[in-house]
There are 2 protein chains.
Amino acid sequence: MTVHERVDVLVVEDNDSERGSIVETLQSSIHHGNIVAVNDGPEALDFLFSRGNWTDRLGEESPRLVLLDLEMPGEDGFSVLGQIRSLEASEDSLDLIPVVIFTSSHQSDDVRKSYRCGANSYIIKPLSFPDFQAVVETVGQYWITHNRGAN
Amino acid sequence: MTVHERVDVLVVEDNDSERGSIVETLQSSIHHGNIVAVNDGPEALDFLFSRGNWTDRLGEESPRLVLLDLEMPGEDGFSVLGQIRSLEASEDSLDLIPVVIFTSSHQSDDVRKSYRCGANSYIIKPLSFPDFQAVVETVGQYWITHNRGAN
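Quick caveat, the model's predicted, so the values are computed rather than measured.

What counts, and where the lines are drawn
- Every chain begins its residue count from 1, and numbering advances along the sequence as written.
- As a convention, the first chain written is A and the first ligand written is 1, with the rest following in written order.
- In keeping with the predicted nature of the model, local features appear solely for residues at pLDDT of at least 70, side-chain atom pairs appear and are counted solely at 80 or more, and the whole-chain, interface and lining totals rest on all residues.
- Each side-chain value is derived from all of the structure's non-hydrogen atoms; neither hydrogens nor water enter the calculation.
- Here an angle of 0 to 180 degrees is reported between the N-to-C directions of two axes, which are lines fitted to C-alpha atoms, with helices fitted over the stretch in contact.
- Helical segments are the DSSP runs of H or I of at least four residues, strand segments are the runs of E of at least two, and each set is numbered from the N terminus.
- Each angle gets one of four labels, with under 35 degrees taken as roughly parallel, over 145 as roughly antiparallel, 65 to 115 as roughly perpendicular, and the rest as oblique.
- Note: crossing handedness is left-handed where the near helix turns anticlockwise from the far helix by less than a right angle, and right-handed where it turns clockwise.
- Should any heavy atoms of two residues lie within 4.5 Å, those residues are counted as being in contact.
- We call a set of buried residues a nonpolar core when its members are Ala, Val, Leu, Ile, Met, Phe, Trp, Tyr or Cys and they connect through side-chain atoms within 4.5 Å of each other.
- Partly exposed describes any residue whose relative accessible area lies between the buried limit of under 20% and the exposed limit of over 50%, with all areas from a 1.4 Å probe on protein chains only and scaled to the type maximum.
- Summed over both partners, the accessible area (1.4 Å probe) lost when two parts come together is defined as the buried area.
- Any Lys or Arg side-chain nitrogen located within 4 Å of an Asp or Glu carboxyl oxygen qualifies as a salt bridge.
- Any pair of nitrogen or oxygen atoms within 3.5 Å is treated as a polar contact; in protein, a donor-acceptor pairing is required on top of that, and neighbouring residues in sequence qualify only through side-chain atoms on both sides.
- Any residue outside Ala, Val, Leu, Ile, Met, Phe, Trp, Tyr, Cys, Pro, Asp, Glu, Lys and Arg is labelled polar, Gly included; the first ten of those are nonpolar and the last four are charged.
- Only residues with pLDDT of at least 70 in both copies count here: their C-alpha atoms drive the least-squares fit that superposes the copies.

(A) Looking closely at the packing of helix H1 (residues 16–29) of chain B against helix H5 (residues 129–146) of chain B. Residue and element names in this part refer to chain B. Closest axis-to-axis distance for the H1/H5 pair is 9 Å, and the angle between their directions is 50 degrees. As the angle between them shows, H1 and H5 are arranged oblique. In this structure, H1 crosses over H5, and the sense of that crossing is right-handed. On H5, the residues touching Glu18, Ser21, Ile22, Thr25, Leu26 and Ser29 of H1 are Phe129, Phe132, Gln133, Val136, Glu137, Gly140 and Gln141.

(B) Main features of the environment of threonine 25 of chain A. Residue and element names in this part refer to chain A. Following the sequence through the fold, threonine 25 ends up in helix H1 (residues 16–29). With 111 residues separating them in the primary sequence, threonine 25 and valine 136 have C-alpha atoms 6.8 Å apart. Not counting residues within four places of it along the chain, the set of residues in contact with threonine 25 comprises Gln133, Val136 and Glu137.

(C) Inspection of unusual backbone geometry at higher detail. Residues and elements named next belong to chain B. A positive phi angle is found at serine 50, which is not glycine, with a value near 55 degrees. Despite not being glycine, serine 93 shows a phi value in the positive range, around 50 degrees. Mapped onto the secondary structure, serine 93 falls in the loop between helix H3 (77–85) and strand E4 (99–103).

(D) View of the nonpolar core. If you look at the biggest cluster of nonpolar residues, it comprises 38 residues, and the most contacted ones within it are Val9 and Val139 of chain A together with Val9 and Val139 of chain B. Here valine 9 of chain B is in contact with Leu26, Ile30, Asn34, Ile35, Val36, Leu65, Leu67 and Ile144 of chain B, once residues within four sequence places are set aside.

(E) Region of interest: the interface of chain B and chain A. In this complex, chain B contributes 28 residues to the contact, which on the side of chain A involves 28 residues. For the pair chain B and chain A, the summed buried area comes to about 2300 Å², and 51% of that belongs to carbon and sulfur atoms. Of all residues in chain B, Tyr115, Tyr142 and Arg148 of chain B give up the largest surface area on contact with chain A, accounting jointly for 30% of the area buried on that side. On inspection of chain B and its partner chain A, the count reaches 2 salt bridges. The salt bridge involving aspartate 95 of chain B is made with arginine 116 of chain A; its shortest N-O contact spans 2.8 Å. Summed over the shared surface of chain B and chain A, the number is 19 residue pairs in polar contact (both at pLDDT 80 or more). Of all the secondary structure elements, the ones that give two or more residues to the side of chain B that touches chain A are helix H4 (108–117), strand E5 (121–124) and H5 of chain B. Sort the elements by how many residues they give to the side of chain B that touches chain A and H5 of chain B lands first, with 6 residues. For the side of chain B that touches chain A, the class distribution of residues is 14 nonpolar, 9 polar and 5 charged.

(F) The arrangement of the relation of the copies chain B and chain A in detail. When chain B is fitted to chain A, the best match, at an RMSD of 0.0 Å, comes from turning it 180 degrees and sliding it 0.0 Å along the axis. Both chain copies can therefore be described as sitting about a two-fold axis. Scanning chain B for the C-alpha nearest the rotation axis identifies asparagine 120 of chain B, at a separation of 2.3 Å. A share of 100% of the interface residues of chain B reappears at the interface of chain A, consistent with the copies meeting face to face through the same patch.

This is the structure in structure tokens:
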């Protein structure tokens, strides 16, 4: 990855094995997919806001999609989402970046809270590995190939 | 359609030929798809809010998806979307219903305004008929088969 190549998907997932599968699947299903993965909420926010380890991203375009786990130690998905959506409107429209929740939670309260916090979509992680891969592929293709983002 | 069968997609589109194609494509791509189409914003709101011609829908579940054109005479897509998102939070979470903008507008202002009004996704209508059908099929399958709605 060069610093000038736009990131397609920022994957935020604390489970190492799931994070690996998601990245691998997205890389093979999105043409020339440029995927960045982080394992917690604070690192995700540092990436998006060009802070901490990611200050060299200042001025770079934001990713086309954030694929966000809900349950994570430290700062959960709701908190990350809330901080993105409460940004001031700016030229790069980072506050409007598409965020898809990708979680194992079937709880209606989590679904409602996600949408209320500003999630664009809520996808439940399938239990079987082939289904998991197929859903990740579908999500990547929908949001990268078909959806028009605000930036 | 019986009154108790849940509506999968409410299509809001003023162009007769496009509305026909969308409904036909959705019906064949969603298994047992139950599609309702209306041709303007006021009728869409009457349907969702069980008013006017749709008072017999009172107590029925809201659709799983609203596929919403932007440019329509009378009440445009932004106005319809704004009225949905400004509803009071209720048990059926109608205020959180997934809304996908489906429009021929490539204008960045329209994209940003759509997300700012609370659109979940923004899809540009392809010019060629086969591409148009393929995109409608993708949108239907993503939101009906994969996405978990709040209600």
